[in-house]
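Each chain is listed here by its residues.
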Amino acid sequence: MEAVQKTIDQELLETPDLSHLNASDYDHVYEPREDSFLFLDALEKDINLIRLVKPSLCLEVGSGSGVISTAIARLLGSSSYTIATDLNPFACQVTHQTAEANKCHVSCIQMDLDSMLRMNNSIDLLLFNPPYVVTTSEELKQPGVDGSFLHLAWAGGVRGREVTDRLLNHIDQLLSHKSLFYLVVIKENDPDEISKAMALQGFKGEIIASRKVRNEMLSVMRFQRG
Amino acid sequence: MKLLTHNVLSSKCLKGVSVGYPLRLNATDIKVVDVDYNSEFVSRMIPKINYSALYDAAQSIGHLNGLPDAVVDDFESNEDFLKAVHHVLLEVDIVSGDLECPESGRKFPITRGIPNMLVNENEVNEINGSNGYNN
Ligand SMILES: C[S@@+](CC[C@H](N)C(=O)[O-])C[C@H]1O[C@@H](n2cnc3c(N)ncnc32)[C@H](O)[C@@H]1O
């Protein structure tokens, strides 16, 4: 009975319409795949908590196609403002288009992570599906042969943590007191160790969704001050 | 780019820049759009934004539209005030122009509504690090 009640109460997170994008767009921008969909599923399960926090300012770092930020911007409507960053200029344009095609607004800014944002504890909801694949550090710095940004969608450097860690190391200045932060990781990123590093900044973290995809063990972590 | 976005941007991570806020705004193309008004949201945003930076930015591009120069005391219940803030925060959209660091003068172009705030690795403070892909 209780289980039934739960299914009825569960609000759904609509997957944004991406039909405005075609195969050639995905030559330049990360195409949503299992990690993106696990992320959406995890956020859907957390809708009640997200609504409880009443985020005024949301930020997605590395928005790619914009599938995640658009889902959130639609969910929260006029009660919130969503900002998305990506260092890939095509991703910024495509995120902008995806929001528009889904009749919502996402403010897109081309930048490295959150580097050009004011650090004054203003972000209430932070979302990051980072480049998490284990690679050499060189791989993550090098521009693609054709000036392409696509490899930066997955190349994560040592332990797949180099990009993620640059965001985590000052997270305390970025997030508001009531904030929620969701992060996609794989097993090789060492989620336990991420939790420990975040605990030092006063955040408690837990894995709220996991899925094995081919040989990758994907998880979504949620952090809150506590 | 909405003025709400301008309000949260800073160039503090640039080498030699100590405050980097607010960024100077030069607009060459501005579009005014209709955005659903949510008084409760605007009222929640007031304590989060830097009001004088918003006021100055709106004034510098000639889009004050009656915005008062300071937050009114009864802002939570003052619909006229909240509507004026709503308009300036969300309905004034910069399509092209640039943002400029108030200290170093470094310019960041805004094209098709999207600011490009990507800098070279050698422009930022060491502690911030960077992907430095375009070095
Ligand atoms: C795994 S993809 C995720 C894309 C999208 N959020 C999704 O879930 O489908 C990672 C994204 O982060 C961007 N990215 C990588 N490094 C970045 C950095 N240092 N700053 C900003 N964005 C970055 C990539 O360009 C890519 O769009």
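Residues numbered from 1 in each chain as written. Chains lettered and ligands numbered in written order. Predicted model: local features only at pLDDT ≥ 70, side-chain atom pairs only at ≥ 80, totals over all residues. Heavy atoms only, no water.

In the annotation of an unreviewed UniProt entry, the entry for chain B reads Multifunctional methyltransferase subunit TRM112-like protein, and the organism field reads Frankliniella occidentalis.

Looking at an unreviewed UniProt entry, chain A carries the name Methyltransferase HEMK2, with the source organism given as Frankliniella occidentalis. Its UniProt record gives chain A the following Subunit (unreviewed entry) comment, quoted word for word: "Heterodimer; heterodimerization with TRMT112 is required for S-adenosyl-L-methionine-binding." Per UniProt, chain A has the following entry under Sequence similarities (unreviewed entry): "Belongs to the eukaryotic/archaeal PrmC-related family." (UniProt positions renumbered as here; feature names shortened; annotations may be inferred.)

Caption draft 1: Representation of the nonpolar core in the model. Residues Leu126(A) and Phe181(A) are the most contacted members of the largest nonpolar core, which totals 69 residues. Element by element, the count of residues in this core is highest for helix H4 (residues 79-91) of chain B, at 7 residues. Beyond its immediate sequence surroundings of up to four residues, Phe181(A) is in contact with Leu126(A), Phe128(A), Leu167(A), Leu168(A), Ile171(A), Leu175(A), Met198(A), Met221(A), Arg222(A) and Phe223(A). Core analysis: the next-biggest nonpolar cluster, separate from the first, contains 35 residues, Leu18(A), Leu21(A), Val53(A) and Leu218(A) among them. (Core = buried A, V, L, I, M, F, W, Y, C linked by side-chain atoms within 4.5 Å. Buried < 20%, exposed > 50% of the residue type's maximum accessible area, 1.4 Å probe, protein only. Helix = DSSP H or I, 4+ residues; strand = E, 2+ residues; numbered from the N terminus. Contact = heavy atoms within 4.5 Å.)

Caption draft 2: Focus on the site of the ligand. Residue and element names in this part refer to chain A. With respect to spatial proximity, 23 residues lie near the ligand, and among them Ser36, Glu60, Asp86, Asp112 and Leu113 are the closest. Glu60 is positioned with one of its side-chain polar atoms (N or O) 2.8 Å from a nitrogen atom of the ligand. Here an oxygen atom of the ligand sits 2.8 Å away from a polar atom, N or O, in the side chain of Asn129. Protein contacts shield 99% of the accessible area of the ligand, which totals 600 Å² for the unbound molecule. At the level of elements, helix H2 (34-45), helix H4 (67-76) and helix H7 (162-168) are the ones that each hand at least two residues to the shell around the ligand. Class assignment of the residues belonging to the shell around the ligand gives a composition of 11 nonpolar, 7 polar and 5 charged. (Near = heavy atom within 4 Å. Polar contact = N/O pair within 3.5 Å; in protein donor to acceptor, adjacent residues only side chain to side chain. Areas by Shrake-Rupley, 256 points an atom, 1.4 Å probe, with all protein chains shown as cover. Nonpolar A, V, L, I, M, F, W, Y, C, P; charged D, E, K, R; others polar.)

Caption draft 3: The arrangement of the pattern of salt bridges in detail. Scanning all chains against the criterion turns up 17 salt bridges over all chains. Note that Glu40(B) and Lys54(A) form a salt bridge whose closest N and O atoms lie 2.8 Å from each other. Residue Glu40(B) is found in helix H2 (residues 39-45), and its partner Lys54(A) is found in the loop between helix H3 (47-53) and strand E1 (57-61); the two belong to separate chains. Judged by relative accessible area, Lys54(A) falls into the partly exposed class, the value being 41%. Members of the salt-bridge network, linked through shared partners, are Arg159(A), Arg161(A), Asp165(A) and Glu193(A). (Salt bridge = Lys/Arg side-chain N within 4 Å of Asp/Glu carboxyl O.)

Caption draft 4: View of the side chain of Glu60(A). Residues and elements named next belong to chain A. With respect to the helices, strands and loops of the structure, Glu60 is situated in strand E1. Lacking a salt bridge, the buried Glu60 has Arg33 as its closest oppositely charged neighbour, with an N-O distance of 14 Å. A polar side-chain atom of Glu60 sits 2.9 Å from a polar atom in the side chain of Ser69. Ignoring anything within four residues of it in the chain, the contact list for Glu60 reads Ile68, Ser69, Ile83, Ala84, Thr85 and Leu127. (Lys, Arg positive; Asp, Glu negative; His and termini not counted.)

Caption draft 5: How the structure looks around the environment of Asn38(B). With respect to the helices and strands, the residue Asn38(B) is situated in the loop between strand E1 (24-32) and H2. Measuring from C-alpha to C-alpha, the distance between Asn38(B) and Leu14(B) comes to 36 Å, with 24 residues separating the pair along the chain. Excluding anything up to four places from it in sequence, Asn38(B) contacts Ser78(A) and Ser79(A). Separated by 3.0 Å, the side chains of Asn38(B) and Ser78(A) make a polar contact. Polar side-chain contacts of Asn38(B) include one of 3.2 Å to the backbone nitrogen of Glu40(B).

Caption draft 6: How the structure looks around the UniProt feature "domain: Methyltransferase small" (unreviewed entry) in chain A. The positions that UniProt labels "domain: Methyltransferase small" (unreviewed entry) are, in the present scheme, residues 57-137 of chain A. A distance of 33 Å separates the end C-alpha atoms of residues 57-137 of chain A, which is 30% helix and 27% strand.

Caption draft 7: Structural view of the packing of helix H3 (residues 51-60) of chain B against H4(B). Residues and elements named next belong to chain B. Contact geometry of H3 with H4 gives a least axis separation of 11 Å together with a crossing angle of 65°. Regarding H3 and H4, the two cross each other, and that crossing is left-handed. Along its contact with H3, which presents Tyr51, Leu54 and Ala58, the element H4 presents Phe81, Val85, Val88 and Leu89. Residues of the contact of H3 with H4, tallied by class, amount to 7 nonpolar, no polar and no charged. (Axes fitted to C-alpha atoms, helices over the stretch in contact; angles between N-to-C directions. Left-handed = near helix turned anticlockwise from the far one by under 90°.)

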